Amino acid sequence: MGSNSSRIGDLPKNEYLKKLSGTESVSENDPFWNQLLSFSFPAPTSSTELKLLEEATISVCRSLVENNPRTGNLGALIKVFLSRTKELKLSAECQNHIFIWQTHNALFIICCLLKVFICEMSEEELQLHFTYEEKSPGSYSSDSEDLLEELLCCLMQLITDIPLLDITYEISVEAVSTMVVFLSCQLFHKEVLRQSISHKYLMRGRCLPYTSKLVKTLLYNFIRQEKPPPPGTHVLPQQSDGGGLLYGLASGVATGLWTVFTLGGVGSKVAAASELSSPLANQSLLLLLVLANLTDAADAPNPYRQAIMSFKNTQDSSPFPSSIPHAFQINFNSLYMALCEQQTSDQATLLLYTLLHQNSNIRTYMLARTDMENLVLPILEILYHVEERNSHHVYMALIILLILTEDDGFNRSIHEVMLKNITWYSERVLTEISLGSLLILVVIRTIQYNMTRTRDKYLHTNCLAALANMSAQFRSLHQYAAQRIVSLFSLLSKKHNKVLEQATQSLRGSLSSNDVPLPDYAQDLNVIEEVIRMMLEIINSCLTNSLHHNPNLVYALLYKRDLFEQFRTHPSFQDIMQNIDLVITFFSSRLLQAGAELSVERVLEIIKQGVVALPKDRLKKFPELKFKYVEEEQPEEFFIPYVWSLVYNSAVGLYWNPQDIQLFTMDSD
């Protein structure tokens, strides 16, 4: 590239890039490398220019693919980078801007090249390219050091050991991005990779000892949300000879090529503010999720997942069991605060799910917090804006709620937290409501949205499971929450009657025509009846366990008492209807005795008095409703494509040509 590259369009003709990718071998000691690594040019300002970078460099990369077996120039470039990284820590301490700038440029070029190599060849071929040296055509050294493993170890050391300063920010981001690129072979396979060369390197050998340190560093990068240095922070002195090797801004990398490489590709989603504000935090989180979801090796579990499952709070002084590998400690309070603040992104929600599901230390800590509303409210807001979220994000948010509601302490405490003026809830002005009642409202709204739009049974099941887990602990339900519980039952009742009528008409029609295939109304009816029973069990659980705490629910049941008539004698619901019928009958009788035209306040007063008079032994006891989240048998079939879709769509991610992607369908528009 050199000091004279100023535009993306000039790259294919650039003399330094042509020499790197050409037929001539370049020794790692050649002054050429100083010339190649001294570049800076203006940042692209549109997705069109980002695509131009890919198109401008692809010919250079392909030329190197063709010539590298004879020249070994890829290996020479990597060795130049590796030799420089040995002095990187000292350079950071000495504020050696020029050295760090050039080292970053070397890594940037390596990353660009690797991205194309990985896209266009198998892992075995890629591994071979790392062994080629300056010899006769196609020859390689079998006894040389494993350059691929050395580069991976070097990247891990760079991420974990180099202090994060203004002058090292960009190279830290580039190191994380290059590791993501190393693992990106998954993007070019339709099936989940269970055996991969890159996995092998990361899970054993020289890289393995860095496992816990890498996971810890990536987590702290996410926690700290460090912003990139402002453009122009590191001005290099202009060289007096006018055509010197180094000129311009060291941070020209940040405002030039680095931005090109990390602002994402054509067709990517609108950038989230949090992603753009801290590229290092965003890329670190994506790499962490990729590592956590690598499949286990045949002879060893994923060490990065082990590290995520076992880390402890810095305030926990108890020793780690010897059986737990890759253990470390991290500040749980800082992690909790970062998770609360970052839930607008899919990847932060996925991290929260991963930690709650897999790390019992984190789960116990979070459930003991007295400010759970800071975590729960962002999750509820994701569900509330279900129309604007992708289905995976909604599922993750919902499963997080399900995991939380498995804990009785959580289910009690959320009704004690009072909230004021929830501005994002627009159906009704909520001047004051408990966190528990708001959670019920949002989950019911999600169910109703699903009934009319997506009709996803999995979504229904998890929503109802969360409500069921909470039901025995319902306390002082807001009148609107109580109304919505009964309104949902009303909607289900109408749907039940409609399907029943359709089934009856279909059956009559089938008697006159044997040729027309009949819709499976029996299956539809069965699904609706399952949901109705679940709703009745939720109402029954509340009445049985906390009737005296919920006069508003009794009021709502009395107001819509006719809804329940048809289910009293229904064979599928007779047993569960006993308590509901008893409560409705008991309180209806007391209201009749009190006279006609009662005010709402008077009715609630009669209900509160009646609760004391109703003998508890008259309510039939049913088994406690408890549902536990269980992960799918092969979770990687869901999570690996999901994680890579987040990498692909990240606002500060890496650009890949949509036509090359095999793991999931991606539009190129």
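Predicted, not measured: the structure shown is a model, and the values here were computed from it.

Student: Summarise the overall build of the chain; cite the residues concerned and give the values.
Tutor: Scanning the chain from terminus to terminus reveals 30 helices and four strands. The contacts of the chain with a sequence gap of at least 6 include a subset with a gap of at least 24, amounting to 75%.

Student: Break down the pattern of salt bridges for me, citing the residues and quoting the values.
Tutor: Taken as a whole, this structure holds 18 salt bridges when the rule is applied. Look at the salt bridges and you will find they share partners, linking R194, E636 and E637 into a network.

Student: Pulling in residues and values, what's your account of the packing of aromatic side chains?
Tutor: Under the defined criterion, the tally for this structure stands at 20 aromatic pairs. For the pair F489 and F564, a centre-to-centre distance of 4.7 Å together with 10° between the ring planes defines the contact as stacked. One end of the pair, F489, is in helix α25 (residues 479-512); the other, F564, is in the loop between α27 (551-559) and α28 (574-594), and 75 residues separate them in sequence. A residue is classified by how much of its surface remains accessible, and F489, at 0% relative accessible area, is buried. Given the relative accessible area of 1%, F564 is considered buried. A network of ring pairs unites the aromatic residues F311, F328, F332, Y336 and Y365 as a single cluster.

Student: Give a description of the packing of helix α15 (residues 279-292) against helix α16 (residues 303-310) that names residues and reports values.
Tutor: Relative orientation and spacing of two packed helices are given, respectively, by the angle between their axes and the distance between those axes. α16 packs onto α15 with a crossing angle of 110° between their chain directions and a minimal axis gap of 7 Å. Regarding the angle of α15 to α16, the classification is roughly perpendicular. Residues L288, L291 and A292 of α15 touch α16, and the partners they reach there are Y304, R305 and I308.

Student: Any details on the environment of E66? Residues and values, ideally.
Tutor: The residue E66 is located in helix α3 (residues 47-71) in this model. Expressed as a C-alpha distance, the spacing of E66 and T23, which sit 43 residues apart in the sequence, is 9.0 Å.

Student: Summarise the side chain of N359; cite the residues concerned and give the values.
Tutor: Mapping N359 onto the fold places it in the loop between α18 (346-358) and α19 (360-368). Exposure remark for N359: the relative accessible area of 0% places this residue in the buried category. Among the polar contacts listed, one links the side chain of N359 to the backbone oxygen of M309, at a separation of 3.5 Å.

Student: Please provide a residue-by-residue account of the nonpolar core, values included.
Tutor: By size, the foremost hydrophobic cluster in this structure holds 226 residues, and its most contacted members are F130, L151, Y425, L438, F564 and W644. At 14 residues, helix α6 (residues 97-120) tops the list of elements feeding residues into this core. Residue assignment places this core across two domains, with domain 1 (8-131 + 145-231 + 277-324 + 638-650) and domain 2 (477-507 + 520-624) each supplying three or more. If we skip the residues at most four places from it in the chain, W644 touches V180, L183, S184, Q186, L187, V290, L663 and F664.

Student: If you had to explain the environment of F222 to someone new, which residues and values would you point to?
Tutor: The residue F222 is located in helix α11 (residues 211-224) in this model. Since its relative accessible area comes to 3%, F222 is described here as buried. Along the backbone, F222 and S284 are 62 residues apart, and their C-alpha atoms lie at a distance of 6.5 Å. Aside from chain neighbours lying at most four places away, what touches F222 is A281, L285, L335, A338, L339, Q342, A348 and L351.

Student: Report on the side chain of H460, specifying residues and quantitative values.
Tutor: Locating H460 in the fold gives a position in helix α24 (residues 457-471). In this structure H460 comes out as buried when scored by relative accessible area, which is 12%. Every residue in contact with H460, bar those within four places of it in the chain, is listed here: I447, N450, M451 and V531.

Student: Tell me about unusual backbone geometry, and name the residues and values.
Tutor: Positive phi values are uncommon outside glycine, yet Q225 reaches one of about 50°. Of note, Q225 is situated in the loop between α11 and α12 (252-255). Its relative accessible area of 15% is what places Q225 among the buried residues. If you check the backbone angles, S476 has positive phi at about 45° while not being a glycine.

Student: Can you explain the packing of helix α8 (residues 147-161) against helix α9 (residues 169-182)? Please cite residues and give values.
Tutor: Packing of α8 against α9 brings their axes to within 9 Å, and their N-to-C directions diverge by 140°. The angle between α8 and α9 falls in the class oblique. Between α8 and α9 lies a crossing whose hand is left-handed. Between α8 and α9, the contacting residues are L148, L151, L152, L155, M156, L158 and I159 on the first element and I171, S172, A175, V176, T178, M179 and F182 on the second. Class assignment for the residues of the contact of α8 with α9 results in 12 nonpolar, two polar and no charged.

Student: Can you tell me about the environment of M451, naming the residues and giving the values?
Tutor: Of note, M451 is situated in helix α23 (residues 435-452). Judged by relative accessible area, which is 7%, M451 ranks as buried. Sequence separation of M451 and L491 is 40 residues, and the distance between their C-alpha atoms is 9.5 Å. Here M451 is in contact with H460, L488, L491, L492 and K495, once residues within four sequence places are set aside.

Student: Account for α24, naming residues and giving values.
Tutor: An ideal rise of 1.5 Å per residue puts 21 Å on 15 residues; α24 measures up with 21 Å between its terminal C-alpha atoms. Among the 15 residues that make up α24, 12 are buried, leaving the element largely enclosed by the rest of the structure. By the burial criterion, the buried members of α24 are L459, H460, N462, C463, L464, A465, A466, L467, A468, N469, M470 and S471. Here the buried face of α24 lies against α21 (391-404), α22 (408-413), α23 and α26 (521-546).

Student: I'd love a proper account of the confidence of the model for the chain, names of residues and values included.
Tutor: Overall, the prediction assigns the chain a mean pLDDT of 85, with 86% of residues at 70 or greater. Ignoring residues within four places in sequence, the model shows residues 42-47, a span with pLDDT below 50, making 13 contacts including any to other chains. Under a pLDDT of 50 for its full length, residues 235-271 has, in the predicted model, 105 contacts with residues more than four places off or in other chains.

Student: Explain the state of the cysteines residue by residue, including any values.
Tutor: Should the sulfur atoms of two cysteines be covalently bonded, the bond is a disulfide. Under the defined criterion, the tally for this structure stands at zero disulfides. This cysteine, C111, is not joined by any disulfide, and C112 carries the nearest cysteine sulfur, 6.3 Å off. Residue classification places C111 among the buried residues on the basis of a relative accessible area of 0%.

Cut-offs applied
- Residues numbered from 1 in each chain as written.
- Predicted model: local features only at pLDDT ≥ 70, side-chain atom pairs only at ≥ 80, totals over all residues.
- Heavy atoms only, no water.
- Helix = DSSP H or I, 4+ residues; strand = E, 2+ residues; numbered from the N terminus.
- Contact = heavy atoms within 4.5 Å.
- Salt bridge = Lys/Arg side-chain N within 4 Å of Asp/Glu carboxyl O.
- Phe/Tyr/Trp six-rings, centres within 6.5 Å; stacked < 30°, edge-to-face > 60°.
- Buried < 20%, exposed > 50% of the residue type's maximum accessible area, 1.4 Å probe, protein only.
- Axes fitted to C-alpha atoms, helices over the stretch in contact; angles between N-to-C directions.
- Parallel < 35°, antiparallel > 145°, perpendicular 65-115°, else oblique.
- Polar contact = N/O pair within 3.5 Å; in protein donor to acceptor, adjacent residues only side chain to side chain.
- Core = buried A, V, L, I, M, F, W, Y, C linked by side-chain atoms within 4.5 Å.
- Domains from an automatic or database assignment.
- Left-handed = near helix turned anticlockwise from the far one by under 90°.
- Nonpolar A, V, L, I, M, F, W, Y, C, P; charged D, E, K, R; others polar.
- Expected span 1.5 Å × (residues − 1).
- pLDDT = per-residue confidence, 0-100.
- Disulfide = S-S within 2.5 Å.

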